[in-house]
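The primary structure of each chain is shown beneath.
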Amino acid sequence: MAEAAQAPVGVFDSGVGGLSVLAEIRQLLPAESLLYVADGGHIPYGEKSPEFIRERCHQVAEFFHSQGAKALVIACNTATVAAMADLRRTYPQWPLVGMEPAVKPAAAATRSGVVGVLATTGTLQSAKFAALLDRFANDVRVITQPCPGLVELIETGDLHSPVLRQLLQGYVAPLLEAGCDTVILGCTHYPFLRPLLSEMVPADVSLIDTGAAVARQLQRLLVQDDLLASGPARATRFWTSGDPKQFESILPVLWQGGSTVARWFTA
Ligand code: DGL
């Protein structure tokens, strides 16, 4: 294995949502050393301006660069639409992987011809999301549903309180009323709500997210650049710009991968 392949992969999100993606990466690529940054001091990204998010993404990217990361995964749909193009310009040599709502697979999978998208306001209002619909959703009806408040609750480790249940019900109901049989989880926090969502939607409604696809894309880029690590399973290390104590207390709820050391990310 080339020496560069031993370097870690940086993964980040505004908070704990990206852990749903990190789990897919950990499972597919156990030999990779992974660094995770939760930008919890600035959450939620979904209600912030693209300029603010771009600035945050640059801070986090610089941090990973200083840690010698060989690749970067933006495990956040909102950050990807706001900052990916900018990051690619700043780091043209760096393998970068972003996320986008699973419009293409959902359009291919729907039988009713109606697809729902749960995502942040920032993602749904972005030009990148509009382009995604233009490209892949011409033959289906797409119902979009911003979900303010969900991320904040998930950040506290709440995955099924009555308050969360009621909020989520209010977001899901219009999709079901419109006849959606495929619902895109277009924010990396939402896969943690799968158990609750499964109770709310009929059994023939599919819930789709792109965490596994992102892990496969990372694998492809690492292979292509001869950067894939091999050998025994490696550690995952965590940073947060929020309260490390709070992060450390929630981590065991959302992450079963061990190595739960949280540090303060100060940028
Ligand atoms: N997890 C992020 C995403 O995938 C957004 C969360 C937030 O609003 O900060 O869009």
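Heads up: the structure comes first, above all this text.
Residues numbered from 1 in each chain as written. Predicted model: local features only at pLDDT ≥ 70, side-chain atom pairs only at ≥ 80, totals over all residues. Heavy atoms only, no water.

Undergrad: I'd like to hear about the site of the ligand, residue by residue, with values.
TA: The immediate surroundings of the ligand are formed by 14 residues, with S14, Y45, G46, T78 and T188 found nearest. Here an oxygen atom of the ligand and a backbone polar atom of N77 are 2.8 Å apart. With respect to the ligand, the side chain of H189 contributes an N or O atom lying 2.9 Å from a nitrogen atom. Summarising the interface, the protein chains cover 99% of the accessible area of the ligand, which totals 300 Å² for the free molecule. Looking at the shell around the ligand, its residues break down into six nonpolar, seven polar and one charged. (Near = heavy atom within 4 Å. Polar contact = N/O pair within 3.5 Å; in protein donor to acceptor, adjacent residues only side chain to side chain. Areas by Shrake-Rupley, 256 points an atom, 1.4 Å probe, with all protein chains shown as cover. Nonpolar A, V, L, I, M, F, W, Y, C, P; charged D, E, K, R; others polar.)

Undergrad: Account for helix α3 (residues 77-90), naming residues and giving values.
TA: Taking 1.5 Å as the rise per residue, α3 with 14 residues should run 20 Å; its terminal C-alpha atoms sit 19 Å apart, in good agreement. Of all bends in α3, the biggest is about 60°, found at A83. N77, T78, A79, T80, V81, A82, A83, M84 and L87 are the residues of α3 that are buried. Its buried side turned inward, α3 meets α2 (50-66), β3 (71-74), β4 (96-97), α5 (121-125) and α6 (127-136). (Helix = DSSP H or I, 4+ residues; strand = E, 2+ residues; numbered from the N terminus. Expected span 1.5 Å × (residues − 1). Bend = angle between axes of the 7 residues up to and from the residue. Buried < 20%, exposed > 50% of the residue type's maximum accessible area, 1.4 Å probe, protein only. Contact = heavy atoms within 4.5 Å.)

Undergrad: An account of the packing of aromatic side chains is requested, with residue identities and associated values reported.
TA: Enumeration over the complete set of coordinates arrives at seven aromatic pairs. Taken together, the ring pairs connect F12, F63, F64 and W239 into an aromatic cluster. (Phe/Tyr/Trp six-rings, centres within 6.5 Å; stacked < 30°, edge-to-face > 60°.)

Undergrad: An account of the state of the cysteines is requested, with residue identities and associated values reported.
TA: In total, this model carries zero disulfides according to the counting rule given. C57 forms no disulfide, and the closest cysteine sulfur to it belongs to C76, at a distance of 7.1 Å. Residue C57 is classed as buried on the basis of its relative accessible area, which comes to 0%. For C187, which is in no disulfide, the shortest distance to another cysteine sulfur is to C76 and amounts to 6.6 Å. (Disulfide = S-S within 2.5 Å.)

Undergrad: Which residues make up the packing of helix α1 (residues 19-28) against helix α10 (residues 211-224), and what values go with them?
TA: One way to put it is that α1 packs onto α10 with a least axis distance of 8 Å and a crossing angle of 50°. Between α1 and α10, the angle falls in the class oblique. As for how α1 packs across α10, the hand of that crossing is right-handed. Along the contact surface, α1 presents V21, E24, I25 and L28, while α10 presents G211, A212, V214, A215, R216, L218 and Q219. (Axes fitted to C-alpha atoms, helices over the stretch in contact; angles between N-to-C directions. Parallel < 35°, antiparallel > 145°, perpendicular 65-115°, else oblique. Left-handed = near helix turned anticlockwise from the far one by under 90°.)

Undergrad: So what's going on with the sheet that holds strand β6 (residues 141-146)? Residues and values would help.
TA: Within the open sheet, the four strands sit side by side as β6-β5-β7-β8. Their pairing is parallel. Of all strands in the sheet, those with a lone pairing partner are β6 and β8 (206-208), marking the two edges. On average, adjacent strands in this sheet sit at an angle of 20° to one another, irrespective of strand direction. (Pairing = 2+ DSSP bridges.)

Undergrad: How would you explain unusual backbone geometry if you had to name every residue and give the values?
TA: In this model, I43 is joined to P44 through a cis peptide bond whose omega is 0°. In this model, D226 sits at a positive phi of 55°, which is unusual for a non-glycine residue. Given a relative accessible area of 57%, D226 falls into the exposed group.

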